[in-house]
Amino acid sequence: MYRENSEALTGNARFEGYNVDLISEVASILGFNYTINIVADGNYGSYNEKNKTWNGMIGELLSQKADLAVADLTITYERETGVDFTMPFMNLGEFLH
C-alpha cells in the first residue's frame, strides 16, 4: 500500500503495511536486497486459455520479470500449476473453534 505522502518518497519507502513489513523481515533474515514494484497491469494473475498466457503477478513471475510476489494472493489450483507458493500467512476460510 502506498504511504499517505508517497509522492515525496522514492523506492521502497513509498510503501507501508503488513506485506512490506513481512518482506523486509524475510530479507533481513536471509540477507537479500529487494525493490518493490507494482505489477504493470494491476492484476493478481489469471490464465488466458485462448493465448495460453498469464497476466498479473503470476505472469511476471513466469516471465522472470519478478523473482517473488508478496501479496494477499489467493492460492488456487490453477495458479499452483504455474508457480510455487509458501505456506499462507492468512486464511479467510473456515475458522476452527
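Reading the values: rules and limits
- Here the residue numbering is sequential within each chain, running from 1 through the sequence in written order.
- In view of the model being predicted, local features appear only for residues whose pLDDT reaches at least 70, and side-chain atom pairs are presented and counted only at 80 or more, with totals across whole chains, interfaces and linings using the full set of residues.
- The basis for the side-chain values is all heavy atoms of the structure; hydrogens and waters are excluded.
- Each salt bridge in this description consists of a side-chain nitrogen of Lys or Arg and a carboxyl oxygen of Asp or Glu lying within 4 Å of one another.
- Two distance rules govern patches: like charges are joined within 9 Å, and nonpolar side chains (Val, Leu, Ile, Met, Phe, Trp, Tyr) within 5 Å, applied only to residues with over 30% relative accessible area and no salt bridge.
- Residue exposure ignores everything except the shown protein chains as possible cover, and the areas themselves are Shrake-Rupley values with a 1.4 Å probe.
- Helix numbers and strand numbers start at the N terminus; a helix is a DSSP run of H or I with at least 4 residues, a strand a run of E with at least 2.
- Centres within 6.5 Å make a pair out of two Phe, Tyr or Trp rings, where for Trp the six-membered ring is used; the pair is then stacked when the planes are under 30 degrees apart, edge-to-face when over 60, and tilted otherwise.
- Only protein chains enter the accessibility calculation, which uses a 1.4 Å probe. A residue is then buried if its area is under 20% of the maximum for its type, exposed if over 50%, and partly exposed in between.
- In these notes, a set of buried Ala, Val, Leu, Ile, Met, Phe, Trp, Tyr and Cys residues joined through side-chain atoms within 4.5 Å is what counts as a nonpolar core.
- Between two residues, a contact is recorded if the distance between any of their heavy atoms is within 4.5 Å.
- Of the two site types, the cavity is a set of points on a 1 Å grid over the protein atoms alone where a 1.4 Å probe fits but cannot get out, and the pocket is an open set with protein on both sides within 12 Å along at least five of seven lines, each lined by residues with an atom within 4 Å of a point.
- Grid points are joined across faces, edges and corners, and a volume is the space filled by probe spheres set on the points.
- Note on residue categories: nonpolar means Ala, Val, Leu, Ile, Met, Phe, Trp, Tyr, Cys or Pro, charged means Asp, Glu, Lys or Arg, and polar means any other residue, Gly included.

J.: Help me understand the pattern of salt bridges, please; the structure alone is not making it clear to me.
T.: Pairing is possible between side chains of opposite charge, provided their charged atoms come close. Tallied over the entire structure, the rule returns 1 salt bridge. In this structure, E49 and K52 form a salt bridge, with 2.6 Å as the shortest nitrogen-oxygen distance.

J.: What's the story with a nonpolar patch on the surface in this structure? I'm lost.
T.: Together, Y18, F89, M90 and L92 make up an exposed nonpolar region whose accessible area comes to about 470 Å². Following the sequence through the fold, L92 ends up in the segment after α3 (77-80).

J.: Just to check I follow, could you spell out the packing of aromatic side chains for this structure?
T.: Aromatic rings considered in pairs are described by the distance between their centres and by the relative angle of their planes. In total, this model carries 2 aromatic pairs according to the counting rule given. Centroid distance F32 to Y34: 6.5 Å. Interplanar angle 70°. Geometry classified as edge-to-face. Take F32: its relative accessible area is 29%, and that puts it in the partly exposed class. Judged by relative accessible area, Y34 falls into the partly exposed class, the value being 26%. Here Y47 and W54 contribute two aromatic rings whose centre-to-centre distance is 5.3 Å and whose plane-to-plane angle is 55°, an arrangement assigned as tilted. Residue classification places Y47 among the partly exposed residues on the basis of a relative accessible area of 27%. Take W54: its relative accessible area is 16%, and that puts it in the buried class.

J.: I would appreciate a short explanation of the nonpolar core in the present structure.
T.: Note that soluble globular proteins tend to have their nonpolar side chains buried in a common cluster. One finds V39, W54, M57, I58, A71, L73 and V83 forming the largest nonpolar core, which totals 7 residues. Setting aside residues no more than four positions away along its own chain, V39 makes contact with G56, M57 and E60.

J.: For this particular structure, what's the right way to read unusual backbone geometry?
T.: For residues other than glycine, phi is negative in most cases, and the peptide bonds are mostly trans. One non-glycine residue, K52, lies in positive phi territory at about 60°. Examined against the element boundaries, K52 turns out to sit in the loop between β1 (47-48) and β2 (53-54). Look at Q64: it is not a glycine, yet its phi comes out positive at around 65°. Inspection of the secondary structure puts Q64 in the loop between α2 (56-62) and α3.

J.: What's the story with the layout of surface pockets in this structure? I'm lost.
T.: If a probe as big as a water molecule is rolled over the atoms, it shows which places are left empty. Looking at the largest pocket, its volume works out to about 960 Å³. In terms of lining residues, the largest pocket is bounded by 32 residues, among which I36, N37, I38, M57 and V70 are the most central. Elements represented by at least two residues in the lining of the largest pocket include exactly α1 (18-30) and α2. With 4 residues, the single largest contributor to the lining of the largest pocket is α1. Partitioning the lining of the largest pocket into residue classes produces 20 nonpolar, 7 polar and 5 charged. Size it by volume and the second largest pocket reaches roughly 790 Å³. Forming the walls of the second largest pocket are 24 residues, and the residues nearest its centre are A69, A71, T86, M87 and F89. Counting residues per element, the lining of the second largest pocket draws most heavily on α1, which supplies 3 residues. In terms of residue class, the lining of the second largest pocket is built from 18 nonpolar, 3 polar and 3 charged.

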